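Structural features, examined
The lines below spell out each chain.
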Amino acid sequence: MLNKHDVVPLYAQLERILREKILTGEFKDGEPIPSEAELTKTYNITRTTVRKAIGNLVQEGLLYQAHGKGTFVRLQEIKYSIWNFEGFTDYLRKRGEHPVSRVLEQKGVRLDSGDYWKLKRARGVQKNEKVLFLTIDTSYIPLRKFAGIDRYDFSRESLYDVMRKEYHVYPRNSEVVIQPVTSDDTMKEIFDLDNVRSLLKAKGIVTDERGDELEKVEIVYGPNIEFKLMTKMR
């Protein structure tokens, strides 16, 4: 139960209880948690307190809300990887936020393994009237598999949505390495940095269920993005 005499706010206490129930499997992935009314009655607190706790867990990525249906657990066990790597647009949509892309460069290039379409984008989220850029993504897309990919406007469309809907190809797996990188002029402008910073870069490939390469990718993460890694100890 909650301790109303504790210095820890009630919403934070409830948040901790719900998080523990999710991580221990009492509330299972994809299942609904108790309603706001049920939590209000169970813990003898206000609905405002309940909503604040749930809102924080939604932002954390442990819960998601479906309009008219309730609040559900979103906790997927991480397998064979310590990095939760997925499409940027998919990630923000799950959080109920509005993704924004700004194309920095797009052109055909020749690599050792063939002809590719190079697509470099700043990726961010709309915060009121301002865009907060979180990553700079560089994708190299094999033209042998995605002929005509250059006709799409990737400032408005999701790359993975186009792969799935137009080419019937489904990104399934990624293999990336993480390394430090020093910010250059482009990174300083996009991430609004006052001086040179050390940032993180992920570099690797994305494949389909058969292991065929769909994308060579490099992602530089700005200072406003954070990672939460969750797995089960055996």
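For the structure itself, look to the data block above.
Let me sum up the structure you'll find in this document. (Residues numbered from 1 in each chain as written. Predicted model: local features only at pLDDT ≥ 70, side-chain atom pairs only at ≥ 80, totals over all residues. Heavy atoms only, no water.)

Each helix and strand counted, the chain has six helices and eight strands in total. When its helices and strands are written in sequence order, the chain yields α-α-α-β-β-α-β-β-β-α-β-α-β-β. Evaluated residue by residue, the chain yields a buried proportion of 41% over its 234 residues. For the chain, the computed accessible surface area is about 14300 Å², with 46% contributed by carbon and sulfur atoms. (Helix = DSSP H or I, 4+ residues; strand = E, 2+ residues; numbered from the N terminus. Buried < 20%, exposed > 50% of the residue type's maximum accessible area, 1.4 Å probe, protein only. Areas by Shrake-Rupley, 256 points an atom, 1.4 Å probe, with all protein chains shown as cover.)

Time to look at helix α2 (residues 36-43). Those residues of α2 not exposed but buried are L39, T40 and Y43. Taken end-on, α2 shows its buried residues confined to a sector of 100 degrees, consistent with a single buried face. Residues of α2 that are buried make contact with α1 (10-23) and α3 (47-60). Immediately beyond the C-terminal end of α2, within one or two residues, lies N44, with a positive phi of roughly 55 degrees. (Arc of directions from axis to C-beta. Contact = heavy atoms within 4.5 Å.)

If you look at the biggest cluster of nonpolar residues, it comprises 23 residues, and the most contacted ones within it are F146, I149, F154, L159, M163 and Y167. Of all elements in the fold, only β4 (114-127), β5 (130-142), α5 (159-166), β7 (198-207) and β8 (213-221) reach the threshold of two or more residues within this core. Residues within four places of M163 in sequence aside, it is in contact with I141, F146, H168, V169, P171 and L214. (Core = buried A, V, L, I, M, F, W, Y, C linked by side-chain atoms within 4.5 Å.)

It is worth spelling out the environment of V103 at this point. Position of V103 among the secondary structure elements: in strand β3 (residues 99-111). For the pair V103 and K120, spaced 17 residues apart in the sequence, the C-alpha separation amounts to 6.1 Å. Contact partners of V103, with chain neighbours within four places excluded, come to L119, K120, R121, F154 and S155.

Taken as a whole, this structure holds 14 salt bridges when the rule is applied. The shortest N-O distance in the salt bridge between R19 and E15 comes to 3.0 Å. One end of the pair, R19, and the other, E15, are both in helix α1, four residues apart, so they sit about a helical turn from each other. Accessibility expressed as a relative area gives 11% for E15, which makes it buried. For D212, the salt bridge goes to R210, with nearest N and O atoms at 3.2 Å. What makes D212 partly exposed here is its relative accessible area of 30%. (Salt bridge = Lys/Arg side-chain N within 4 Å of Asp/Glu carboxyl O.)

A few words now on the pairing of β4. Regular strands place side chains that alternate from one sheet face to the opposite one. With 10 of 14 residues buried, β4 lies mostly within the body of the structure. The antiparallel hairpin formed by β3 and β4 contains two residues in its connecting segment. In this structure, β4 lies alongside β5, joined through 12 bridges in antiparallel fashion. Its bridge partner lying in β5, K127 is registered against K130. (Pairing = 2+ DSSP bridges.)

When strand β1 (residues 63-66) meets strand β2 (residues 70-73), the two strands line up antiparallel, connected through four bridges. Note that in β2 the partner of Q65 across the bridge is T71. The hairpin turn running from β1 into β2, its antiparallel successor, is three residues long, and G68 in that turn takes a positive phi close to 80 degrees.

On inspection of all chains with the given rule, the structure shows three aromatic pairs. Ring centres of Y64 and F72 lie 5.5 Å apart, and the angle between their planes is 20 degrees; this geometry places the pair in the stacked category. Classification of F72 as buried rests on a relative accessible area of 15%. When the ring of F146 is compared with that of Y167, the centres are 5.1 Å apart and the planes differ by 75 degrees; the resulting orientation is edge-to-face. In this pair, F146 is assigned in the loop between β5 and α5 and Y167 in the loop between α5 and β6 (173-182), connecting sequence segments 21 residues apart. Against the face of Y11 rests K52, its NZ or CZ located 4.7 Å from the ring centre. (Phe/Tyr/Trp six-rings, centres within 6.5 Å; stacked < 30°, edge-to-face > 60°. Lys NZ or Arg CZ within 6 Å of the ring centre and 35° of its normal.)

What follows covers α1. Taking 1.5 Å as the rise per residue, α1 with 14 residues should run 20 Å; its terminal C-alpha atoms sit 20 Å apart, in good agreement. Of all the positions in α1, only Q13, L14, E15, I17, L18, K21 and I22 are classed as buried. Packing partners of the buried residues in α1 comprise α2, α3, β1 and β2. Count one or two residues on from α1 and you reach G25, which has phi positive near 90 degrees. (Expected span 1.5 Å × (residues − 1).)

Structural measurements only, silent on function.
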